[in-house]
Structure formats: structure tokens, C-alpha cells
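This is what each chain is made of:
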Amino acid sequence: MGESFWPARNVAEYIYCPRLFYYMQVEGIQLPSQDTEKGLAVHRRVDQPSTGPAAGAAEEEDPGRPAVLRSLVLSSRHLQLTATLDLTEIDGKYAVPIEYRKGRPKRFFAKPPQTEEEEDDFNRAAQAPQPWPIDRVQVGLQALLLEEAGYTVVKAVLYYSSEKLKLTIPVDDALKAEALEALQQAKDCAAGERPLPLVNDPRCPRCSLQPLCLPDEINYQRTPKPGDELTPRKIWPPRDDGIHVVAQQEGVKIGIRGMELRVTDRTGAVVRTIPLANIESLSLLGPVQLTTQALHALANMNIPIAYLSAAGRLLAIIDPLDSVSAAIRRAQVRQFDCAEKCLELTRALITAKIANQRTLLLRNHKGLPENVADELAKEAKSAAAAASIESIRGHEGQAAALYFKHFSGMFKGKVAEEFDNNGRQRRPPPDPINACLSFAYTMLTHECTAALRTARLEPAIGGFHVSKPGRPAFALDLMEPFRPLIADSIAVTCFNKGELTEGHFMRTVSGCAFTDAGRRSFFNALGRRMDTEITHPLFEYRLSYRRMIILHARMIAAWLAEEIPSLAFLTTR
Ligand code: SF4
């Protein structure tokens, strides 16, 4: 940690959960939860720093009363420790740290009662409140800092706001030793690898980092016999609560007013306002203006912004600094330098992709020749057992040729004939289906890039796709199994339901492309598809496709950090 100081609050988190401490202290990750928001509300009043006159004023009123300081900041170079004390009562050379807690104190439950009399005793005993170990450590560290500042500390106070209960605990050698031991353990922990998650622990469902930590999912895959001992709890919200805003109309300008984004047209008229709190991401297509003030507000709220060309090519992503973790990036670079690890990733990706292509054909092609599904299954099996990435590329190519040969059989009408004549062509796309697929793959790349960033991974360093300047190789890796499930499926649905027609495309010398109306229809369909919930084949809970992509990115991060032994990607039946 060099010369940096350890916040006492973070050290105390080590007692709660070493992995939580590691995320916060070493990886700098904080996600707000209901609990942390309540905790902040409780601290809001006491966190207003005291000013000299206020403390003095108290003394003027009653010179005999101890002075009370709010948000006193203390540091110790010797301990490399710092703390902001909620309240500190100073009475001459004596000091009392007072810490506010939003919850309830710990209660000790003895042997369950057998008789009515025992039940009375039990209830009385059960009422005896105690401080939680995490709270003891925090006030213990504060007492050490106050002592180093020259005060005598004989007691500390913990105030549990849910019960309006004040607990006074003695500051003795035992408490100080407990606090110092926690500090040392935390320092040792930070110098090593990220600790594994707690197993089946009641703390996890309330933990703000649970969606990132994935304790049950990781433990499930680490268990020798999956399913026997642990079933992942459905504790992650299946869908985003927020919206993914896409601005594509030429000439519109996005600014900020208070806590809302304001979209104005060329004339300056407000066409839409969106509360910042509702936004998950913002994508700007073509010549759409975003003010610096709005950009700062979005960055403060950790909302990523993607800049895309009018044709949908991803040009740049602005994502908040919060999404960088040196530890996981180091693991990514280290692992992708290993050929065996890249091969393992590629096998899992391509096997799942071919399986999903096969499923899509089986579901939507009315006259699929019998051998096609078998051939695709054979290619998937061969890819799963292949000894080199080149060999997997071969199986992937064979499968793609077969898949796109029969692709048009999933569509109705003239668009199908045109695609049949052209086959899959990318640059430039010559017909509406090819144009839709190219645009859908680009948008999917953007979704996968955002998911990798969320998982603190570097999108440019891939294990299967070769890294090149400007190429999000890892995002291309991650999207392989999702291509048929999301992009191809959107094309099939939109053309067959008439949401996309010939009129939604324009033909130019540089190929076939969406009109504005066509792009709007596409984005509506993309939004619906990303919100569609599906069941995870291993964990058996339902998540939207968008959440599913993020879950896979996080499971890859866990695999790169060697927290889980193997990888499996989503396949549907
Ligand atoms: S989810 Fe559980 S294991 Fe993970 S950081 Fe939180 S408390 Fe620790």
C-alpha cells in the first residue's frame, strides 16, 4: 500500500467479509445498496464537520460540559491508519469516540428454552444487546488514533439508530489488541490474492457487492458435485431497473438541468427529459451533441457513454474510472499469455455458439434438411474436443457455412430470396437481412464491451480474437454464443412480424443501410430482446439477456482469477 493510509471503516469491513474488504480497499469498488444508503442517511447529520465556534459555543453555555466534535479526522503514520470519527466527546485529556450505526446490535441467543420459566430467562438474555465485531474493531481503531493524539480513552459508545440504543464498551487492552490484529490481517489480505466468497452465508443477499462477487455462482462451480450442496440463490434482480438511452436524431443536443438530462432539437425546444437516476447507459449515434456539463453528470453517476457512427460503428466509450481494476486486468493479461487458457476459452465459446445456431434453425426453419442439425451437433462436439484454436476456427467455419446456407429458410418473402442469392456478406451488406445482421452484431459488440467494463475486464485483450488497434477483441469473444440468441433472432423476428420491411432500408453504392425509421424499429426490437428473460442452464434462475451477458463477463473474470475451474456459456434448448 506504500505510504497510503488505511481507512478504519474499510479495515472493519475485513471483519465482516475479507472479500468485501478486498473489493473496497484493493480494487476500489463500491456499489450502493439499500443498507449503505440507509447508513449514509444516518451518518449525514453527524458527518457535518464541527466548526471552532460551535464547539466553543457549547463551552460558553456550560463550561463544565465536554466538547463534542463532529467528523473529526485523525491519522497515524506509525499505524498507516486514518479515520473520520462520527462524534468525539472531549473532556480535558479524556476522549470518547461515538460511532453511529443504522442497524440493530447483536443479540446473544443461548440454548433454546425448554420450559416457560426458561423461556422468560431466555427472552431476557436474548434482549442483552452487544456490539458487532465489526463495530468493536472500528471504535477500537478510533481509540488507538485518539490515544496517539494524546488523549486517554477508557470507553467508546456505539449508537444503533434502529433501536435508538446507546451501548458503552470499555476500551481495554483486549479491544485494542483485537483492533490491531484486524488491521494486520487486513494488510496481509490486501497484499495477497482476492479471498474466495463466503459459502451460503446470510450476509451475501444484503451485500451491495453481491452482483459483482457472485458468491453462490462461484461456490456452485467450485463444489465437487454441482447441485448437491448449494443451489445459487436468486438474489440478483433479473432485469435492469434503468433504461438504455439511444440518441440518433441528427442535430439534437443533450444537456443537463438539475438531475435530469434534457434533449433539445435544432430549434432549442425540449423534446424529452430523462431523470439521471433512471439511466443505465447512453449511446449517441451520429451527429448528436452532448454538453460537457451533461458528460460530467453522467460520469459522476457512473453511467457509461458510447459514441457510434451514424452506421452504428463503435467509435469510443467513455466509462467512469470506477470501472478499472488493476488486479483483474493483470490476471487477464497473464492468463491470455497462456495458450492453454485461450484454447479453453475458445472451446467453450464456439461450442456454445454452434449449439445456439443449431437451436435457432431448429426452432424457425420449417423445412430444415434432417442432416443439418446432426452436422452442426457434430461440429460443436468436435470444437469442444479440438486440440488447437486453428482447429476450432475450422469447425466454426464449417458450422457457419452450413448455418448461413439454411439461414434464409427462417424468413418469409422476398428478403429471404435476396439473402439466399447473396449469402452472408458484411462489407458492404448488399441486402436488408445482411444490413440488419451487421448492425445487430455491432450493437451486440457494444453491449459486450460495456459488460466487460462492468466486470473490470479490458475489452481490447481477447483470448480467441486477435487483438488489433481499435478492435474490442474480448468483446468479440464474449459475443460469440450470443450472436444467434440475440442478433440473428432479432432479424428473424423483425422481418417475419413485419417490424422491418424493404421500406426501412435504403440502397446506395456503398450497400444497403437502415433508414432513420428502420433504425428506430431495430432499436425497439433490440430493447425488447435485451429485456427478455431466460433461464440460466446451471444456476436455474431467470435473467434478462442484458443481465445474462454481464453475468457471463463476471464469470469469465472469476475464471481468469482462478476462482472457478471451468467455463460454460449460455445455450438454449
Ligand atoms: S457477497 Fe458475500 S462473499 Fe461477496 S463480498 Fe459480499 S458478503 Fe462477501
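No experiment lies behind these values; they were computed from the predicted model shown.

A. Fine view of the site of the ligand. If you check the shell around the ligand, you find C17, L20, P197, L198, C204, C207, Q210, C213 and P215 and nothing else. Of the residues contributing to the shell around the ligand, the split by class is eight nonpolar, one polar and no charged.

B. Examining the pairing of strand β17 (residues 505–508) more closely. Examined bridge by bridge, β17 and strand β18 (residues 511–514) share four bridges and lie antiparallel to one another. Bridging across to β18, R507 finds its partner in C512. As consecutive antiparallel partners, β17 and β18 are separated by two residues.

C. Inspection of the sheet that holds strand β12 (residues 270–275) at higher detail. An order of β12-β11-β10-β14 is seen for the four strands of this open sheet, with the pairing classed as mixed. Lying at the two open borders of the sheet, with one neighbouring strand each, are β12 and β14 (289–290). Looking at chain direction, strand β10 (residues 253–257) and β14 are connected through two bridges and run parallel. The partner of K253 across the bridge, within β14, is Q289. Running at roughly 65° to β10, helix α10 (residues 292–300) makes contact with β10, β11 (260–264) and β14 of the sheet.

D. Fine view of the sheet that holds strand β15 (residues 305–308). Ordered in space as β9-β13-β15-β16, the four strands form an open sheet in which the pairing is mixed. Every other strand in the sheet has two partners, leaving β9 (243–247) and β16 (314–318) as the edge strands with one partner each. When the angles between neighbouring strand axes are averaged without regard to direction, this sheet yields 15°.

E. Focus on the pairing of strand β2 (residues 67–76). Inspection of the sheet shows β2 paired to strand β3 (residues 81–91) by nine bridges, in the antiparallel sense. Note on β3: the bridge partner recorded for L72 is L85.

How each quantity is defined
- Within every chain, residues take consecutive numbers counted from 1 along the sequence as written.
- With pLDDT at 70 or above as the cut-off, local features in this predicted model cover only qualifying residues; side-chain atom pairs require 80 or more to be listed or tallied, and sums for whole chains, interfaces and linings still use all residues.
- Values reported for side chains reflect all heavy atoms of the structure, with hydrogen atoms and water molecules removed beforehand.
- Distances are taken per atom, and a residue is near a molecule or strand as soon as one of its heavy atoms is within 4 Å of it.
- Residue type decides the class: Asp, Glu, Lys and Arg count as charged, Ala, Val, Leu, Ile, Met, Phe, Trp, Tyr, Cys and Pro as nonpolar, and the leftover types, Gly among them, as polar.
- For two strands to count as paired, DSSP must find a minimum of two bridges between them.
- Every helix listed is a DSSP run of H or I at least four residues long, and every strand listed is a run of E at least two residues long, numbered separately from the N terminus.
- Between two residues, a contact is recorded if the distance between any of their heavy atoms is within 4.5 Å.
- All axes are obtained by fitting lines to C-alpha atoms, using only the stretch in contact for helices, and the reported angles, taken between N-to-C directions, cover 0 to 180 degrees.

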